Amino acid sequence: MNALLLTGGRIIDPANRLDAPADLLIVDGKISAVGKDAAPKAPAEAERLDVKGQIVCPGLIDLHVHLREPGQTAKENIATGTAAAARGGFTSLVCMPNTAPAIDSAGTVALIRDRAAQAGIVNVFVTGAITKNIAGEELAPIGSLKRAGVVAITDDGHCIQNNELMRRACEYAKMFDLTVMDHCQDYSLVTDGVMHEGYWNTALGLRGWPSAGEEMIVARNILMAELTGARVHCQHLSAAGSVALIREAKKRGVPISGEACPHHFVLTDAAIAGGQKFWATDGKPLLEVLPRQATFPSWPNYDTNFKMNPPLRSAKDREAILEGLTDGTIEILCSDHAPHCDYEKEVEFDYAPFGITGLETELALSLMQLYHTKRLSLSDVIAKYTTAPARLLNLKKGTLSVGADADVTIFNPDQEWVFDVQASASKSKNSPFHNWTLKGRATGAIVNGKKVFAEQPELAGVQ
Ligand SMILES: [Zn+2]
């Protein structure tokens, strides 16, 4: 028997509406008891961990991660990507299919699931491509992807432009009870834009990526969800108009949903003009949530670690994303962890690939902008990383109910720390948050009853 008893923590389990000081007993990889009977039921040989002062919650799920394996393992692989996830407090992640080859066949799904079983430190759920080779032209074999075990379909990184093809994808997805996740980008509007179209792209002389390029596809997806009855999920929302569209559609009962990533609700396009400009303008509201002695990180203008797709938008858009998260329009938080090699990012802004890493900073940034600003309770923030993604993708995860898989995250919402990207477990170092003083940190992660990460020595040791 393998038993682990966590004592003295504050357990927050949104699935069971529990928020109270309580003990938690794990036996043989499953949750065995929560609360008063946990300690008495613990076998004598159980390992005991004192987690006083810490939050104990269901293992966090990140439903938008690029693991880059197969084919792009100079950027990341399953071992390093899942190590970064564990370090960030995540016990499950959902990986995107834009690998090389793309995950568009049952064989590739099987390969990833095998690799994840061998090298993965946390649970890995696989998504399949909507179209063959993510080319947006011909549907992938959606039924056989489902049988191979994908939890959703998406062409993430790309967006199907042909609405008739998207309709067929939604119809198949509905038939196979899969969620369609979509990277919302209208190519004819966005063309070769590299940053938000607004004041700063004009000032900096960079080509604009207008908000309408996202909103157009969000509107299309709402119509498709309504037409077909399929669950359609809009990935990494960045624009105010997208939030308004989804809010209105949800009121009508359309099966549409959305997610937001911390960079879109922490940063703005002003950051591309450099650290000084950012802190003097759109960075000001952050001063209230950053720890008091924080040294303000600086970065040059045209720093490619601030280039992602969709791009950082205006302060008004950032506020709209925060409002959408606060009122429940946006149910899910995730990272869009998108590792790239230094040599790829160390080029002119126009030529750098889109994307940043995020697994190790997202919990802190979410806590800072949502919990420490009093927009949401801790339980509500946790729900966006547990019950909400589990519900969307039908994962049997995200709860501390007795009998559930013992995936547990332990974190301290008030711990202040400095993120050093060089110490990251990810293979890639393309984060805009290097040297930021953050508030809130994962201190432990347990996957299927096994400790996979423990920050503090006392959490690592047996008492
Ligand atoms: Zn994307």
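Only a predicted model underlies this, so the values are computations on that prediction, with no experimental measurement involved.

Cut-offs used in this document
Residues numbered from 1 in each chain as written. Predicted model: local features only at pLDDT ≥ 70, side-chain atom pairs only at ≥ 80, totals over all residues. Heavy atoms only, no water. Helix = DSSP H or I, 4+ residues; strand = E, 2+ residues; numbered from the N terminus. Buried < 20%, exposed > 50% of the residue type's maximum accessible area, 1.4 Å probe, protein only. Contact = heavy atoms within 4.5 Å. Lys, Arg positive; Asp, Glu negative; His and termini not counted. Charge placed at Lys NZ, Arg CZ, Asp CG, Glu CD. Core = buried A, V, L, I, M, F, W, Y, C linked by side-chain atoms within 4.5 Å. Salt bridge = Lys/Arg side-chain N within 4 Å of Asp/Glu carboxyl O. Axes fitted to C-alpha atoms, helices over the stretch in contact; angles between N-to-C directions. Parallel < 35°, antiparallel > 145°, perpendicular 65-115°, else oblique. Left-handed = near helix turned anticlockwise from the far one by under 90°. Nonpolar A, V, L, I, M, F, W, Y, C, P; charged D, E, K, R; others polar. Phe/Tyr/Trp six-rings, centres within 6.5 Å; stacked < 30°, edge-to-face > 60°. Lys NZ or Arg CZ within 6 Å of the ring centre and 35° of its normal. Donors = N, O, S within 2.8 Å, 3.2 Å for Na, K, Ca; no water. 1 Å grid on protein atoms, 1.4 Å probe; cavity = no way out; pocket = protein on both sides within 12 Å on 5 of 7 lines; lining within 4 Å. Points joined across faces, edges and corners; volume = space filled by probe spheres on them.

## So, the overall build of the protein
Looking only at helices and strands, one finds 17 helices and 18 strands in the protein. Principal axes of the C-alpha set define a box for the protein whose edges measure 65 × 55 × 45 Å. Across the 463 residues in the protein, those meeting the buried criterion constitute 62%. Relative to all contacts within the protein whose residues are 6 or more apart in sequence, the contacts with residues 24 or more apart total 76%. The distance from the centre of the 45 positive side-chain charges to the centre of the 54 negative ones in the protein is 4 Å.

## Comments concerning the nonpolar core
Phe265, Phe278 and Trp436 are the most contacted members of the largest nonpolar core, which totals 105 residues. Here this core gets six residues from one element, more than from any other, and that element is helix α14 (residues 362–371). Not counting residues within four places of it along the chain, the set of residues in contact with Phe278 comprises Val266, Leu267, Thr268, Ala270, Ala271, Gly283, Lys284, Leu286, Trp299, Arg318 and Trp436.

## As for the pattern of salt bridges
On inspection of all chains with the given rule, the structure shows 19 salt bridges. The shortest N-O distance in the salt bridge between Glu164 and Arg168 comes to 2.7 Å. With Glu164 and Arg168 both in helix α5 (residues 163–175) and four residues apart, this pair spans about one turn of that helix. Exposure remark for Glu164: the relative accessible area of 42% places this residue in the partly exposed category. Residue Glu171 is joined to Arg167 by a salt bridge in which the shortest nitrogen-to-oxygen separation is 3.0 Å. Linking Glu171 with Arg167, this pair stays in helix α5, spanning four residues, or about one helical turn. Each member of the salt-bridge network shares a partner with another, and the members are Lys30, Lys397, Asp405 and Asp407.

## Considerations on the packing of α14 against helix α15 (residues 378–385)
Relative orientation of the contacting elements α14 and α15 amounts to 140 degrees, with a least axis distance of 10 Å. One way to sum up the angle between α14 and α15 is to call them oblique. Crossing of α14 over α15 shows right-handed handedness. Note on element contacts: α15 touches α14 through Leu378, Val381 and Tyr385, opposite Glu362, Leu363, Ser366, Leu367, Leu370 and Tyr371. Counted by class, the contact of α14 with α15 contains seven nonpolar, one polar and one charged residues.

## Here we look at the packing of aromatic side chains
Overall, the coordinates contain 11 aromatic pairs when judged by the stated rule. Where Tyr199 meets Trp200, the ring centres are 4.9 Å apart and the plane angle is 80 degrees; that geometry is what we call edge-to-face. What makes Tyr199 exposed here is its relative accessible area of 60%. In this structure Trp200 comes out as buried when scored by relative accessible area, which is 13%. Relative to Trp299, the ring of Trp279 lies with its centre 6.2 Å away and its plane at 65 degrees, an arrangement referred to as edge-to-face. In this pair, Trp279 sits in helix α11 (residues 275–280) while Trp299 sits in the loop between α11 and α12 (315–327), placing the two residues 20 residues apart along the sequence. Each member of the pair Trp279 and Trp299 is classed as buried. Between Lys307 and the ring centre of Phe349, over which it is positioned, the NZ or CZ distance is 5.6 Å.

## Focus: α15
The buried fraction of α15 is high, at six of eight residues. Burial in α15 covers these residues: Leu378, Val381, Ile382, Ala383, Lys384 and Tyr385.

## Section: the coordination of the zinc ion
Every protein donor of the zinc ion is listed here as Asp156 (OD), His183 (ND1) and His236 (NE2), and their distances to the metal cover 2.0 to 2.3 Å. Expressed as a motif, the donor residue spacing for the zinc ion is D-x26-H-x52-H. Here His236 lies in the loop between β13 (232–234) and α9 (240–251) and Asp156 lies in the loop between β9 (152–154) and α5, a separation of 80 residues in the sequence. A residue is classified by how much of its surface remains accessible, and Asp156, at 2% relative accessible area, is buried.

## Observations regarding the packing of helix α2 (residues 78–87) against helix α3 (residues 106–119)
In a packed pair of helices, the relevant descriptors are the angle between the two axes and the axis-to-axis distance. Two elements in contact, α2 and α3, have axes separated by 9 Å at closest approach and are oriented at 60 degrees. In terms of axis orientation, α2 runs oblique to α3. For the crossing formed where α2 meets α3, the hand is right-handed. In this structure, α2 contributes Ile78, Ala79 and Thr82 to the contact, and α3 contributes Ile112, Arg115, Ala116 and Ala119.

## Details of empty space enclosed by the protein
Summed over the entire model, instances satisfying the criterion amount to five cavities of 30 Å³ or more. Estimated volume of the largest cavity: approximately 60 Å³. If you go around the largest cavity, the residues you meet are Gly59, Ile61, Thr91, Ser92, Lys396, Lys397, Gly398, Thr399, Ala404, Asp405 and Asp407. Of the residues that constitute the lining of the largest cavity, the class distribution is two nonpolar, five polar and four charged.

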